[in-house]
Each structure stands twice: as structure tokens, then as C-alpha cells.
Amino acid sequence: MNFRFPTREVKVGSVVIGGNNQVCIQSMTNTNTNDINSTADQIIQLTNAGCDMVRLAVPGVREAHGLKELRKVLTGRGCRVPLIADVHFSPEAALIAASIVEKVRINPGNYTDRNTGKVDFTDVDYVEAGKRIKERIQPLIRVCKEHGTALRIGSNHGSLSERVVSRYGNTPEGMVEAALEFVRICRELDFHQIVLSMKASSVRTMVFANRLLVKRMIAEEMDYPIHLGVTEAGNSIEGRLKSAIGIGALLADGIGDTIRVSLTEDPVSEVPVAQKIISYFDHQLYGNPSGKTTHFLELPHHYQPEITNKALPGVNEKPPLVINRPGKYPGQKPDLLIDEKNLPESFALISGIEDLAKKEVFKKKHAIIFETNKTAGVFEFREFFRRKRQAGSDSPVILKKKYTGTDISVEAGIDFGTLFLDGFGDGLWIDSNQYPDGEKMVELSFQILQACGARITQTEFIACPSCGRTQYDIQSSLEAIKSRTAHLKGLKIAVMGCIVNGPGEMADADYGYVGMGAGKVALFKGKKLLKKSIPQEEAVEQLIHIIKENGDWKDDPLTPISG
């Protein structure tokens, strides 16, 4: 699995995406794009941090025209990083931007189709709407060809057009078809400077959509580079784990040519996380050996867990389980305690593929602890399960790895989250030289299972990283909401930057907190708007009130009751 899907090269200014080139890193400004100086400052900060390209919001014609002055200011300050204009709903703004910057990103769900409440589309309706799409996108393609501008066609889960949803649903299939419909038009017009992306706040949806995209591209003899990212990943450890697992799983598959880690934080903080994800794979991502494309046709596109449903010895909890050695656990407790120095007879410990080859463990009725010491452990974990399946074994499996560093979340997220994302494994055991008591490793284990959707033990927060369209303090709002609702196990709360994409891309959130103007917020129950134009200072309390009104509130057991 140490090869990449062979893609063509696409030039974005001085940067070349795809082919045998290194995976590129990008981020996005969160300044007001009309504020030229502040935006230039942040672009330079991102470039100095290690960004190969920088994206910025271009919501309208005014911002598009301002790109010329922005480029002038950046050039005067010695910064020539390629810029990407992020355009929604405004073909006119895209046309202007395409003549100035190196790349334009459009969303098929809102660039040409307009959502009007229509639910039923006949075959004739569907085809006629497709013809209109071609008419509307042709001018943009002409400008891109004239100026050598690259085009990213990016589908987002939750922001598909009514027309696509009517036929495919809000699914990975719909995301892929929405993008490829635009790609086919580009190909008819002999335009190939294209990059594709499939993004979602759900790690599993994002991974499956990208795998399906590759399968469909192979079938249609396409080879366009792919941009990876988990959108609305949130902040802190949760956001880093979601990004590491989603992006890491696909890079391990050999999919991906450029990445962005989306965090609800200062955009500069995204860059070192992206660098860690890429450095995890070292030189394993480069080069495209011929004759390898059949691997991509075999990747899973749906969740089919290989959990054995056999109870692990000594525990009745449903897998996947969190395991660690005996000790004191004042916080979250592991499901199972195992002393590896005095291993019970019902377990067999296998240290690496070489050890597996020496032992006939699959022929015995053991629960298997498979431990890897490889730097990139995901590959050895995957090879173990390939051999297990080949042997026809149904033994329960615990995956184990010991780490030496202090900040291991990205590496552990890729090692373990990638496997549990696809349903491989009955338990995980994270060990560390730095944290011998195991408490922090148990907490990290539960966080990894939560991030990949394998086991929910806490509140799920969906939060966009914000951009120039955000007009309220989303970072402080997210922290305030998390501090009040982090105990509501299983509840999904979305904190979104703007009303343009927020309601759609909240996807399946139970409650939504969405910016809708300068310091103003709208509150949703599911996709139903309940309140709007609420001052940010009051919005968190009103959100709590709505959750209580709908019967989803539980008192925090850790909060003292006064009186």
C-alpha cells in the first residue's frame, strides 16, 4: 500500500500538484478579504509556517476585484505564494478571480444549481438542468484556459444541489457524481487543469467518498489530483484526530496530492499538524509504479466491520474496547486490564509480521494481541488483517503499539483510527514511555474511537474553521459551548461560521449554532431554524435552553449543585 494513485500534474502558479510531486500543504485565511493588509499579513504568516498555497474567501464581486490589490501588496512584500479563490454562488466573482489568482475553487452544489425547494426531478428535468450547468460553467473554463488558472471542483457533504440529492441522496455517491458531472464538461472543452475534493465533517463519509471518487475516475479513465481534508473538524485534540484519521487513511491507501487540516483555531496552527501527517509516511507516498490501479478498485466504500462479535475474555462490553495495563484510572477507565508480563492463557501476543510467520496463532482459539513497532504502524496492522482474513480466522484482535514521544496524537490517530474507521479490530491498546501510568493513553484511545465513529463516548462537535465570511467570534463560541455541553454523550452540536453553507453542511447534527451577520447567530434544531439574529453574547444560553426544551439535556455529574 506504499504507492499512490497515479495522477496527472496540475500547475498552480509555481507549485505542481500530482504526479510524482510531494504532497502539498494549504490553509485558508479567516480575515475579511476586503481588509487587504490583514489578509496579506496572514497569508505571509501561513507561507512562513510552511503552506505551499493559501486559500481565501471570495464571496462576491468586490472581493474578487480586490484580489488584484492583494496580489500587488504581497508581491511588494516578497511573497509569491499561489492564491486560491474560494467562490460560492457567484459565477461572476469566479470569472474575475480566475483572471487574477492561480486557482479557483467552486462547489458544484451551489455554483450553478439553485435550491428552490424542488424535490422531484423527472429524467427530462435532470438532463435539462445538466445542460444549463454546461452553459454556465463554460465562461469560467474559457477564462481559466486563457490565464493558466487551475480549477478545484469540490463537493461537500451537506451542500449538494436538490437535483443531485433527488437522484443520489446526500451520500458519497452524490458527492462524486456532482463533481464528475463538472469534470466531464471540462473534458469536453479540453480543459484539464483540474483538482478534485470530497469533504465532509464525518471522517467515514469523507474517506468513503474519496475512495469511490478514485474508483469512478479509473472507470472513466480520469487521473486528476485529489485534495484531502475533513471539513468542520473542530479544534483541539478532536480536530487533530479527525484530520489525522481521515487524511491519514487515504494517504495510506495511496490517495491524495494536497491536504488541508481544518481547525477552528488560528489558521497557522493547522500547518504543523499537516506537516506531521505527511512526515508520518516519510518517503512511502512518492512514485507511481505501473500496473497497481487494481488496488484502488478493491478499497472499501461502505462500512463493513470485521469485529468478531465474540466477547473478549474477562469483559462483557461490546467492542471495540479500550485496553491497558493494571493501574489507577481516576478518569475514564479502560474496558479491560491486561498485564502483558503475566499474560492470561486465553491471549496470544504477536510482535510484528515476522513473529506472526513463526507462530500458528490463527489455528488456535486465542484472542490475539497484535503489536507493531513500525514507525508507520498502519501498514503492518493492515497486513496482519489481510493474513487473518486469508487464514479464515475469527479470533478477536487487540491492536497494540508503544510510543516514545510526548505528542503522539497524530501518529496514533493514523495507526489506530485508520483501522477502526474500516471496522478492523476488537480493541486497541496504546502504550507510552512518557505516560507509564496509562491514564492519558486511555483517554486518547477513547478519543480516537470517537473521532473515527467507531464508538461514541462523548459529545460530538462539528465546527468549521471559519473564513472571511465569518462575522462573529467562532473560536470563543466553540469553547463556551464545549465547556457547557461536553457531558452530553452522543449529542451532535454544530458550530458554523456563516449562513451560506452552515445549515447544509451541519449534515446530521442535532443542534446548530450558525453565524448570520456581524455578531449575530441563528440556532437550529436539526435543519429547522428556531431563532435568528441573536447577539453572540446571548446565543450560548439560548442554545442550552433549546436543548433543555427538547429533552436532550442531562446535568453534568461533575458540576456541584449549589444550595
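Before going into details, it helps to say that this report is about the structure given with it.

Here is what the cut-offs are and how they apply
Residues numbered from 1 in each chain as written. Predicted model: local features only at pLDDT ≥ 70, side-chain atom pairs only at ≥ 80, totals over all residues. Heavy atoms only, no water. Helix = DSSP H or I, 4+ residues; strand = E, 2+ residues; numbered from the N terminus. Phe/Tyr/Trp six-rings, centres within 6.5 Å; stacked < 30°, edge-to-face > 60°. Buried < 20%, exposed > 50% of the residue type's maximum accessible area, 1.4 Å probe, protein only. Axes fitted to C-alpha atoms, helices over the stretch in contact; angles between N-to-C directions. Parallel < 35°, antiparallel > 145°, perpendicular 65-115°, else oblique. Left-handed = near helix turned anticlockwise from the far one by under 90°. Contact = heavy atoms within 4.5 Å. Nonpolar A, V, L, I, M, F, W, Y, C, P; charged D, E, K, R; others polar. Pairing = 2+ DSSP bridges. Salt bridge = Lys/Arg side-chain N within 4 Å of Asp/Glu carboxyl O. Right-handed = clockwise from strand over helix to strand, strands pointing away.

Moving on: unusual backbone geometry. Note: most peptide bonds trans; most residues except glycine with negative phi. Omega for the bond connecting Pro 319 with Pro 320 falls within 30 degrees of zero, at 5°, which places this linkage in the cis form. Within the element layout of this structure, Pro 320 appears in the loop between helix H11 (294–297) and strand E11 (321–324). At Glu 221, a position not held by glycine, the phi torsion is positive, near 55°. Relative to the elements of secondary structure, Glu 221 occurs in the loop between helix H8 (203–219) and strand E9 (226–228). Positive phi, close to 55°, is recorded for Ser 533, a residue that is not glycine. Along the chain, Ser 533 turns up in strand E21 (residues 528–535).

Counted under the stated rule, the structure contains 10 aromatic pairs. A centroid spacing of 5.3 Å and a plane angle of 80° characterise the contact between Phe 384 and Phe 385, whose relative ring orientation is edge-to-face. A relative accessible area of 6% means that Phe 385 is categorised as buried. Relative to Tyr 513, the ring of Tyr 472 lies with its centre 5.9 Å away and its plane at 55°, an arrangement referred to as tilted. Residue Tyr 472 is located in the loop between strand E17 (460–463) and helix H16 (474–485), and its partner Tyr 513 is located in strand E19 (residues 511–517); the two are separated by 41 residues in the primary sequence. For Tyr 513, a relative accessible area of 0% puts it in the buried group.

As a further point, take the packing of helix H9 (residues 236–253) against helix H14 (residues 409–421). The contact between H9 and H14 brings their axes to 8 Å, and the two run at 60°. When the interaxial angle is binned, H9 and H14 end up oblique. For H9 against H14, the interelement crossing comes out right-handed. Where H9 approaches H14, its residues Ile 237, Leu 241, Ala 244, Ile 245, Gly 248 and Ala 249 are matched on the opposing element by Ser 409, Val 410, Gly 413, Ile 414, Gly 417, Thr 418 and Leu 421. Here the residues of the contact of H9 with H14 sort into 8 nonpolar, 5 polar and no charged.

This paragraph deals with the sheet that holds strand E5 (residues 83–87). Here we have 8 strands rolled up into a closed barrel, ordered E3-E4-E5-E6-E7-E8-E9-E10, and parallel in their pairing. Of the pairings in the sheet, the one linking E9 to strand E10 (residues 258–259) comprises 2 bridges and is parallel in character. Pairing of His 227 across the sheet is with Thr 258, part of E10. In the packing of helix H7 (residues 172–188) onto the sheet, contacts are made with strand E6 (103–106), strand E7 (150–156) and strand E8 (194–199), and the angle to E7 comes to roughly 155°.

What follows deals with the packing of helix H2 (residues 61–76) against helix H3 (residues 91–98). Contact geometry of H2 with H3 gives a least axis separation of 8 Å together with a crossing angle of 5°. The angle between H2 and H3 places the two elements in the roughly parallel class. Of H3, the residues touching H2 (which contributes Val 61, Ala 64, His 65 and Leu 67) are Glu 92, Ala 93, Ile 96 and Ala 97. When the residues that make up the contact of H2 with H3 are grouped by side-chain class, the tally is 6 nonpolar, 1 polar and 1 charged.

Our next topic: the pattern of salt bridges. Applying the stated rule across the entire model yields 34 salt bridges. With its nearest N and O atoms 2.5 Å apart, the salt bridge here joins Glu 181 to Arg 163. Here Glu 181 is found in helix H7, whereas its partner Arg 163 is found in helix H6 (residues 162–168), with 18 residues between them in sequence. For the pair Glu 181 and Arg 163, one class covers both residues: buried. The partner of Glu 265 in a salt bridge is Arg 240, with the nearest N and O atoms 2.7 Å apart. Placement of the pair is Glu 265 in the loop between E10 and helix H10 (270–280) and Arg 240 in helix H9, with a sequence separation of 25 residues. Accessibility expressed as a relative area gives 16% for Glu 265, which makes it buried. Each of Arg 325, Glu 340, Glu 371, Lys 400 and Asp 431 takes part in a single network of salt bridges with overlapping partners.

Another point: the pairing of strand E4 (residues 53–57). Within E4, 5 of the 5 residues are buried, which leaves it mostly tucked inside the rest of the structure. The alternating pattern of E4 places Met 53, Arg 55 and Ala 57 on one face and Val 54 and Leu 56 on the opposite face, and all of these are buried. A crossover links strand E3 (residues 24–28) with its parallel partner E4, the connecting element being helix H1 (residues 36–49), and its sense is right-handed. In the classification by handedness, the crossover that spans E4, the intervening H2 and the parallel E5 is right-handed.

Within the secondary structure layout, Gly 427 lies in strand E16 (residues 427–432). Residue Gly 427 is classed as buried on the basis of its relative accessible area of 0%. Sequence separation between Gly 427 and Pro 320 is 107 residues, and the spatial gap between their C-alpha atoms is 4.8 Å. Discounting chain neighbours no more than four positions away, the residues touching Gly 427 are Leu 321, Ile 323, Val 397, Ile 398, Leu 399 and Phe 420.

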